[in-house]
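Remarks on the overall topology
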2 protein chains.
Amino acid sequence: MPQERKIKLGLILHGVGRTWDDWRHPDRDVRASTSLSFYRTQAQLAERGRFDFLFVADSLSINEKSSPHYLYRFEPLTILSALAAVTEHIGLVGTLSVSYTEPFNVARQFASLDHISGGRAGWNVVTSWLSDTAANFGKAAHPAHHERYRIAAEHLSVVQGLWDSWEDDALVGDKQGGVFVDAAKLHRLDHVGPYFQVRGPLNIGRSPQGQPVIFQAGASEDGKDFAARHAEVVFCGPQNLEEAQTYYRDLKARAERLGRPDGAPFILPGAAPIVGRTDEEAEAYYQELSELTSIDTGLGFLARAFNDHDFRQYDLDGPFPDVARIGQDSNQSASQRILERVRAGNLTVRQIARELSTPRGDFVGSPEKVADALQRWFENEGADGFVIFEALPGQLERFVDLVVPVLQQRGLLRVEYEHDTFRENLGLPFLSNRYVAENKHAG
Amino acid sequence: MPQERKIKLGLILHGVGRTWDDWRHPDRDVRASTSLSFYRTQAQLAERGRFDFLFVADSLSINEKSSPHYLYRFEPLTILSALAAVTEHIGLVGTLSVSYTEPFNVARQFASLDHISGGRAGWNVVTSWLSDTAANFGKAAHPAHHERYRIAAEHLSVVQGLWDSWEDDALVGDKQGGVFVDAAKLHRLDHVGPYFQVRGPLNIGRSPQGQPVIFQAGASEDGKDFAARHAEVVFCGPQNLEEAQTYYRDLKARAERLGRPDGAPFILPGAAPIVGRTDEEAEAYYQELSELTSIDTGLGFLARAFNDHDFRQYDLDGPFPDVARIGQDSNQSASQRILERVRAGNLTVRQIARELSTPRGDFVGSPEKVADALQRWFENEGADGFVIFEALPGQLERFVDLVVPVLQQRGLLRVEYEHDTFRENLGLPFLSNRYVAENKHAG
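What counts and what doesn't
- Residues numbered from 1 in each chain as written.
- Chains lettered and ligands numbered in written order.
- Predicted model: local features only at pLDDT ≥ 70, side-chain atom pairs only at ≥ 80, totals over all residues.
- Heavy atoms only, no water.
- UniProt positions renumbered as here; feature names shortened; annotations may be inferred.
- Helix = DSSP H or I, 4+ residues; strand = E, 2+ residues; numbered from the N terminus.
- Rg over C-alpha atoms; globule rule 2.2 N^0.38 Å.
- Buried < 20%, exposed > 50% of the residue type's maximum accessible area, 1.4 Å probe, protein only.
- Areas by Shrake-Rupley, 256 points an atom, 1.4 Å probe, with all protein chains shown as cover.
- Lys, Arg positive; Asp, Glu negative; His and termini not counted.
- Charge placed at Lys NZ, Arg CZ, Asp CG, Glu CD.
- Least-squares fit on C-alpha atoms with pLDDT ≥ 70 in both.
- Contact = heavy atoms within 4.5 Å.
- Buried area = accessible area lost by both parts, 1.4 Å probe.
- Salt bridge = Lys/Arg side-chain N within 4 Å of Asp/Glu carboxyl O.
- Polar contact = N/O pair within 3.5 Å; in protein donor to acceptor, adjacent residues only side chain to side chain.
- Pairing = 2+ DSSP bridges.
- Axes fitted to C-alpha atoms, helices over the stretch in contact; angles between N-to-C directions.
- Parallel < 35°, antiparallel > 145°, perpendicular 65-115°, else oblique.
- Left-handed = near helix turned anticlockwise from the far one by under 90°.
- Nonpolar A, V, L, I, M, F, W, Y, C, P; charged D, E, K, R; others polar.
- Expected span 1.5 Å × (residues − 1).
- Phe/Tyr/Trp six-rings, centres within 6.5 Å; stacked < 30°, edge-to-face > 60°.
- Lys NZ or Arg CZ within 6 Å of the ring centre and 35° of its normal.

Under an unreviewed UniProt entry, chain A has the name Monooxygenase and belongs to Acetobacter nitrogenifigens DSM 23921 = NBRC 105050. Under the UniProt heading Sequence similarities (unreviewed entry), the note attached to chain A is "Belongs to the NtaA/SnaA/DszA monooxygenase family."

A few words now on the overall build of chain A. Across its full length, chain A holds 15 helices and 14 strands. Its C-alpha atoms give chain A a radius of gyration of 22 Å, within 12% of the compact-globule value 22 Å for 443 residues. Seen through its principal axes, chain A has C-alpha atoms that stretch 75 × 55 × 45 Å. Out of the 443 residues belonging to chain A, those deemed buried represent 63%. A total of about 16,800 Å² of accessible surface is found on chain A, and carbon and sulfur atoms cover 48% of it. The average position of the 47 basic charges and that of the 61 acidic charges among the side chains of chain A differ by 2 Å.

For the pair chain A and chain B, the superposition axis carries a translation of 0.0 Å, the fit reaches an RMSD of 0.0 Å, and the rotation angle comes to 180 degrees. Classification of the inter-copy transformation places it as that of a two-fold axis. When C-alpha positions in chain A are compared against the rotation axis, the closest is assigned to Ala82(A), at 2.0 Å.

On to helix 3 (residues 76-84) of chain B, then. Most of helix 3 of chain B is tucked away, with 9 of its 9 residues classed as buried. If you check which residues of helix 3 of chain B are buried, you get Pro76(B), Leu77(B), Thr78(B), Ile79(B), Leu80(B), Ser81(B), Ala82(B), Leu83(B) and Ala84(B). Tucked into the core, helix 3 of chain B has its buried residues touching helix 3 (76-84) and helix 4 (103-116) of chain A together with helix 1 (36-48), strand 2 (53-56), strand 3 (91-97) and helix 4 (103-116) of chain B.

With that settled, the discussion passes to the interface of chain A and chain B. Each partner contributes residues to the interface: chain A has 70 residues there, and chain B has 70 residues. Interface of chain A and chain B: buried area, both sides summed, is about 6,100 Å²; carbon and sulfur atoms make up 59% of it. It is Lys175(A), Phe180(A) and Arg199(A) that lose the most area in chain A upon contact with chain B, and together they represent 12% of the buried surface on that side. Across the chain A-chain B interface, the total number found is 6 salt bridges. Here chain A is connected to chain B by 37 residue pairs in polar contact (both at pLDDT 80 or more). Within the residue set of the side of chain A that touches chain B, elements represented by two or more residues are helix 1 (36-48), helix 2 (68-71), helix 3, helix 4, strand 5 (171-174), strand 6 (179-181) and strand 8 (197-198) of chain A.

Turning our eyes to something else, we now look at the sheet that holds strand 1 (residues 8-12) of chain B. Think of a sheet as strands paired side by side through backbone hydrogen bonds, with each pair either parallel or antiparallel. Residue and element names in this part refer to chain B. Ordered in space as 1-2-3-4-9-10-11-14, the 8 strands form a closed barrel in which the pairing is parallel. Taking each pair of neighbouring strands and ignoring which way they run, the sheet shows an average axis angle of 30 degrees. Examined bridge by bridge, strand 11 (residues 266-271) and strand 14 (residues 385-388) share 2 bridges and lie parallel to one another. Looking at the pairing, Ala 271 lines up with Ile 388 of strand 14.

Our focus in this paragraph is the packing of helix 1 of chain B against helix 3 of chain B. The relative placement of two packed helices comes down to the angle between their axes together with the axis-to-axis distance. All names here are of chain B. In contact at an axis separation of 10 Å, helix 1 and helix 3 are set at 60 degrees when each is read in the N-to-C sense. Regarding the angle of helix 1 to helix 3, the classification is oblique. The way helix 1 lies across helix 3 gives a crossing that is right-handed. Contacts between helix 1 and helix 3 involve Leu 36, Tyr 39, Arg 40 and Ala 43 from the former and Ile 79, Ala 82 and Leu 83 from the latter. For the contact of helix 1 with helix 3, the class distribution of residues is 6 nonpolar, no polar and 1 charged.

It is worth spelling out the sheet that holds strand 4 (residues 121-126) of chain A at this point. Residue and element names in this part refer to chain A. In spatial order, the strands read 1-2-3-4-9-10-11-14; together these 8 strands close into a barrel with parallel pairing. Strand-to-strand twist in this sheet, taken as the mean axis angle between neighbours without regard to direction, amounts to 30 degrees. The pairing of strand 10 (residues 233-236) with strand 11 (residues 266-271) spans 4 bridges and is classified as parallel. Bridge pairing in strand 11 links Val 233 to Phe 266. Against the sheet, helix 3 engages strand 2 (53-56) and strand 3 (91-97), with an angle of about 170 degrees to strand 3. In the packing of helix 7 (residues 241-257) onto the sheet, contacts are made with strand 10 and strand 11, and the angle to strand 11 comes to roughly 155 degrees.

A side chain of one charge can pair with a side chain of the opposite charge when the charged atoms of the two come close. The final tally for this structure, using the stated rule, is 56 salt bridges over all chains. The partner of Arg434(A) in a salt bridge is Asp164(A), with the nearest N and O atoms 2.9 Å apart. Of this pair, Arg434(A) sits in helix 15 (residues 434-442) while Asp164(A) sits in the loop between helix 5 (145-163) and strand 5, and the two are 270 residues apart along the sequence. Taking relative accessible area as the criterion, Arg434(A) reaches 32% and is therefore assigned partly exposed. Judged by relative accessible area, which is 2%, Asp164(A) ranks as buried. Of the charged contacts in the structure, one is a salt bridge between Asp225(B) and Arg254(B), with a shortest N-O distance of 2.8 Å. Of this pair, Asp225(B) sits in helix 6 (residues 221-230) while Arg254(B) sits in helix 7 (residues 241-257), and the two are 29 residues apart along the sequence. In this structure Arg254(B) comes out as buried when scored by relative accessible area, which is 9%. Within this structure, Glu221(A), Lys224(A), Asp225(A), Asp250(A) and Arg254(A) form a network of salt bridges that share partners.

A separate point is the UniProt feature "binding site: FMN" (unreviewed entry) in chain A. Residues and elements named next belong to chain A. UniProt marks Asp 58, Thr 95, His 145, Tyr 149 and Ser 220 with the feature "binding site: FMN" (unreviewed entry), using the numbering shown here. By secondary structure assignment, the location of Thr 95 is in strand 3. Setting aside residues up to four positions removed in sequence, Thr 95 forms contacts with Phe 55, Val 56, Ala 57, Asp 58, Pro 76, Asn 124 and Val 126. Of the polar contacts made by the side chain of Thr 95, one reaches the backbone oxygen of Val 56; its length is 2.9 Å. In this structure, Tyr 149 sits in helix 5.

Residues and elements named next belong to chain B. Along the chain, Glu 243 turns up in helix 7. No salt bridge is formed by the buried Glu 243. Its closest oppositely charged neighbour is Arg 341, at 4.8 Å. Setting aside anything within four residues of it in sequence, one finds Glu 243 in contact with Pro 238 and Arg 341.

Here we come to helix 12 (residues 367-379) of chain A. Because an α-helix completes one turn every 3.6 residues, residues spaced three or four positions apart along the sequence face the same direction. All names here are of chain A. Across its 13 residues, helix 12 extends 18 Å between first and last C-alpha, which sits within 8% of the 18 Å expected from 1.5 Å per residue. The inward-facing, buried residues of helix 12 abut helix 7, strand 11, strand 12 (274-275), strand 13 (364-365), strand 14 (385-388) and helix 13 (395-409). One or two steps after helix 12, the chain reaches Glu 381, where phi turns positive at roughly 55 degrees.

Further remarks concern the packing of aromatic side chains. Tallying each qualifying case throughout the model produces 44 aromatic pairs over all chains. Relative to Phe386(B), the ring of Trp377(B) has its centre 6.1 Å away and its plane inclined at 55 degrees; by these criteria the two rings are tilted. An identical accessibility class is assigned to Trp377(B) and Phe386(B); each is buried. One aromatic cluster is present, built from ring pairs that chain together Phe53(A), Phe55(A), Phe215(A), Phe235(A), Phe389(A) and Phe422(A). The cationic tip of Lys8(A) hangs over the ring face of Phe266(A); the distance from NZ or CZ to the ring centre is 4.6 Å.

Shown next as structure tokens:
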């Protein structure tokens, strides 16, 4: 009997907040983004709610205009390693850029996290979209968008190759015979490509998961192709079910054309539930949130997505300007999503600014209402699960205490963790070591 | 009244062992090098013994001839972050190479570790001495020894600059006024040097220690100059008190000539105590250890230090050959140390090989005898403290339970941690943020 399909759940750990202004909530610790105790509490809450994973986003460049949750925060691999020591079951997914890292260091840190956590590491592969990131890494210019994905594919293939450089049973540990390692099961990668040359082997053995889980968040054409080809889990940001379905069907079709196994990759939209005991209570929470924000914030958000373009020069209540020409070198996935949303809703500058600064989403209401909405997305080709943002302090706890039990009763969420590793809990296949597979093939 | 001078103590976390063969001890877990529970137990033992810090060594290249403790182990920053979550007082010092890392990433990971641990991070700055490391990082050749230290100095200055890029009170968090950060207290570094160009600011605020503690382990001339100029703590590997004194006096003199404050840097030789309740019991433990090793191991150790040179071609019981010409591009500090030891003891190939494979050291005996030896080094310009290696399973516990109380009774070791941060517990000065210092100077 095939296992029933369950909603996959992740939690974004975003410290001071998700939007530009929610750090201003009276209950928010303004130092949350570097507070181990805050992160630990959130992680343990998510584990109590039987979430599949924690997710730590990242970026590599700030300036005085950056959003509070970008400006000041933990580095992903370090905080995830700390959380590995104080959690038991939940996956630990970190964002790391391929544009400014060495594959050898990336492979090692994720393999090390996988060993520390007993098989719970995941890598969210990003190419870094902020054009001024190059200046922090001694580069004249950030690579162009298309090239970044070619770099990403090669970087990922090297990392995955290094993860296999020890066969699963290469560490022999024969004390009597004095054989620590079986040298025949230790493989050099000897990769030589246009962007990377890496010999190997990695100086840490194959990790409990065999291969940590690969996440991606492709929104552009290149990004979606990359995700369809390489990702096991995709994180996306649709504004409503219709957008989610369009993205979901598009990506699954791309993956199918590439011969990916049935249903791969899992697609998880972001969701920021606002849960009250009643719809009215939830509505009051949403008002509380929206009152924290100003129009400036929304305009700042627009500017950031369009290469610091100043939208005050337009009539805020007039039609959205034609800004295609200025979006060239900036965050293509964000700007594209905004333009699509503007077109779909025929929005003015003010309307899109407000939406951007206080996203409402589809998940505001009583526990049953929120569960209904999640189920609707899940059962109608909108989602295989969700990456949950805590919209307001206290909302994660409300979600875990009020919504999770409803979903569990409906048979849509696990009641207990079933397996030891993140990969197994997600229902993803174990990936055999490539050298073992080769030998089997030859033998 | 000035605080009495105390012995500083660190613990090397080396997983399966210190020598090539001690993983073969019956009580050693052959997977210790990737066992969180082993590392946690050792860390908590060291904290019970009021050690100043844990130390994680590193290297970036292996082959089938590498020593077991090099082959397969945790990456330093990840395991130290995990240990930060399960310890409270002890410093967390990680080795990271300047040759194959980006200063921005290094600054961030150590700042993040410092936040996670509440001010307990330290960076052991190394230049990577294995010449084949370059092949894992797409480089044609490893930089020459002298150039590596020029790179190191610039890399370190960039990292320390980034650590200051937020003034201590830059995070305002004024919820009413909507001011998250005081932009005037956020500084770009705008570093442009021969090896690195880094703009900044760092995307994490100044950490609890202000600046994580800088470790170094210089043995060559370049290395000692670097340590004298930049290190706050120096880790070294003398074979006996005389060698320790020579190194100690040399390095302190270099530092004094450079105008470093009185007594800087702290100098901590490695020590592998073998403690028994009696001298006889300790001697039996040493025999147990030496029986694990073979002459092959010692010859392998020699080969590794001298560019894979095969010493079997010589008469093992004859005088040590003239190998100065082959040590060019290999581990200069290790080979130099070996040559000095050979000259000092007029040793044969077999004798130095045996010493290398089963170092005996000065610290084998009853608790009082070991305490006497440590005190002798400490009070006679041999050491400001020690970095302890666990020679055999169980020895760390014996050291903590038997030797630490003796040293505490003699007033040579702390009884309780005095401060919150590693830097303060070491008695090192708080380093003011450079931008604040500048302003004060101008004002």
